[in-house]
Amino acid sequence: MNKIDMDSIADIVFQLKWDSTGATHTECYAARSVNLWRDWLPDNVREALMGWPERENITVDFSVGELFGSKSAPLCIDRQRFCMPPMVGRFYPRGRIRGLPGVFPQNMQPFRCVGINNGHMQVDLGHPLADYPLTLSMTVGQIEAKTTERGGSSVDWIGMLTDGPGMQARWKSRPTDFFSSGAFERKDQESDDRFYAHPRLVHHLDQTAREMVANVYKRFVRDGMRVLDLMSSWVSHLPHTVNLEAVHGLGMNRTELEQNPVLAGIDVQDLNTSPVLPYPDAAFDMVVNTVSVEYLIHPLEIFAEVGRVLKPGGAFVVTFSNRWFPTKAVRIWDQLHEFERMGLVMEYFLTSGCFHRFGTYSMRGLPRPRDDRSAGERLHSDPVYAVWGTKKESSNRRHT
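Residues numbered from 1 in each chain as written. Predicted model: local features only at pLDDT ≥ 70, side-chain atom pairs only at ≥ 80, totals over all residues. Heavy atoms only, no water.

1. Digging into the nonpolar core
Among the nonpolar cores identified, the biggest contains 46 residues, and Leu 230 and Phe 316 are the most heavily contacted of them. Counting residues per element, the ones that place at least two in this core are strand 9 (226–232), strand 12 (284–290), helix 6 (299–309), strand 13 (310–320), helix 7 (331–335), helix 8 (338–352), strand 14 (355–364) and strand 15 (384–391). Those residues within four positions of Phe 316 in sequence are excluded, and the remaining contacts are Leu 230, Val 287, Val 288, Asn 289, Phe 303, Val 306, Leu 310, Phe 349, Phe 355, Val 387, Trp 388 and Gly 389. (Core = buried A, V, L, I, M, F, W, Y, C linked by side-chain atoms within 4.5 Å. Buried < 20%, exposed > 50% of the residue type's maximum accessible area, 1.4 Å probe, protein only. Helix = DSSP H or I, 4+ residues; strand = E, 2+ residues; numbered from the N terminus. Contact = heavy atoms within 4.5 Å.)

2. Structural notes on the packing of aromatic side chains
For the structure on display, the rule yields 23 aromatic pairs. Ring centres of Phe 303 and Phe 349 lie 4.9 Å apart, and the angle between their planes is 90°; on these two criteria the pair is classed as edge-to-face. In this pair, Phe 303 is assigned in helix 6 and Phe 349 in helix 8, connecting sequence segments 46 residues apart. Here Phe 303 matches Phe 349 in class, with each residue buried. Ring-pair connections join several aromatic residues into one group, and the members of that group are Phe 179, Phe 184, Phe 303, Phe 316, Tyr 348, Phe 349, Phe 355 and Phe 358. Taking NZ or CZ as reference, Lys 172 lies 5.1 Å from the ring centre of Trp 171, over its face. (Phe/Tyr/Trp six-rings, centres within 6.5 Å; stacked < 30°, edge-to-face > 60°. Lys NZ or Arg CZ within 6 Å of the ring centre and 35° of its normal.)

3. Brief notes about the pattern of salt bridges
In the structure shown here, the tally under the stated rule is 18 salt bridges. Here Lys 71 and Asp 131 are joined by a salt bridge, their closest N and O atoms 3.4 Å apart. Taken together, the residues span a long stretch of sequence, with Lys 71 in the loop between strand 3 (57–62) and strand 4 (75–78) and Asp 131 in the loop between strand 7 (120–124) and strand 8 (134–145) at a distance of 60 residues. For Lys 71, a relative accessible area of 25% translates into the label partly exposed. Given the relative accessible area of 39%, Asp 131 is considered partly exposed. (Salt bridge = Lys/Arg side-chain N within 4 Å of Asp/Glu carboxyl O.)

4. Focus: the sheet that holds strand 12
Read across the sheet, 11 strands follow the order 3-8-1-2-14-15-13-12-9-10-11 without closing on themselves; strand pairing throughout is mixed. With one partner strand each, in any of the chains shown, strand 3 and strand 11 (265–268) form the two edges of the open sheet. On average, each strand axis in the sheet is tilted by 15° relative to the strand beside it, whichever way the strands run. Pairing analysis gives 6 bridges linking strand 3 to strand 8, with the strands arranged antiparallel. Each bridged residue has a counterpart across the sheet, and for Val 60 the counterpart in strand 8 is Leu 136. (Pairing = 2+ DSSP bridges. Axes fitted to C-alpha atoms, helices over the stretch in contact; angles between N-to-C directions.)

5. Section: the environment of Val 34
The topology assignment puts Val 34 in strand 2 (residues 23–35). Taking the C-alpha atoms as reference, Val 34 lies 6.0 Å from Asp 11; in sequence the two are 23 residues apart. Ignoring any residue separated from it by four or fewer positions in sequence, one finds Val 34 in contact with Ser 8, Ile 9, Ala 10, Ile 12, Asp 39, Leu 41 and Trp 157.

6. Considering the UniProt feature "domain: Methyltransferase type" (unreviewed entry) in the protein chain
Under the present numbering, the feature "domain: Methyltransferase type" (unreviewed entry) in UniProt falls on residues 258–318. Taken end to end, residues 258–318 is 20% helix and 33% strand, and its first and last C-alpha atoms sit 23 Å apart. (UniProt positions renumbered as here; feature names shortened; annotations may be inferred.)

Set out below in structure tokens:
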């Protein structure tokens, strides 16, 4: 049985868990060919891995500030040094601050605008995870002994794992300004009827990513449930191992919906022109939305409507990736970091007032299937991001 030592090359799935106010978060990164001697890992992580065989799980805890250092107080700078109008709670590359000591214009490391007052802005330069205790779990995959060591690049795997996580949480529980400056305008402002008139019977995620989406839904779906697939198509991405009472699909193209084998009922409706769902209160046990939330120009109304048609205690789960139709996505979506998009969706949940017990999930780094049409162009599978909330027990009023 192979065991990890300093001469090992190992596949390791890193899983980082942390909690913000009212939400739990899980970030996953599948690392291939980790060189235990050359690649960078914190000393306690490397030591924890030593001696473990394949298919084992190892856990290391980090206290606040242990991994990223203690945060300093927000820095106050003149707004004239920032090259664009800032929004409170948003992240921006450090290089956009002119004259910041030690920072070059090409610096993409994020900072957060946390306040604007009298021509000045307060910025938080710390890592977005620096304020949280963290739990790192590592699942060991294939282990091989390296034959030679001739130098080469060193990979910071913890840096890869934590590049983005933390951006989805509010700063000190204060709402993030995602909704200003034409956030829900689109490059193509025409009605969606023409764009979706012809069926697209193609997958928008690779096979591995689709399996990850199904695994996310599997956490919430149970036998006998009634599920609404919101903004549905010819595939619903629900796990096949669950015996549901019924799946209802609402989408833009009738042909696509009729091709979906799991749908017991269909509705064709453009939510961007009619954001009221055609269902009674508390009609569904669960609602899912797959790779479509970025197209909503009335997301706050739709999330409130989902809260209305969900039974108390039911889950609304939203999944997405980094692929979309650019002319139809809302402006704010394209402006955000991939992890900030989870924060945007979380803000939809919070603003609706219908949900609690929030969670987010990310999976990156999995290998792209060899038979995928983009296998020669993209090394990794499409990343998967998920945000969910549970319908409050006391929230069952109609929202319009």
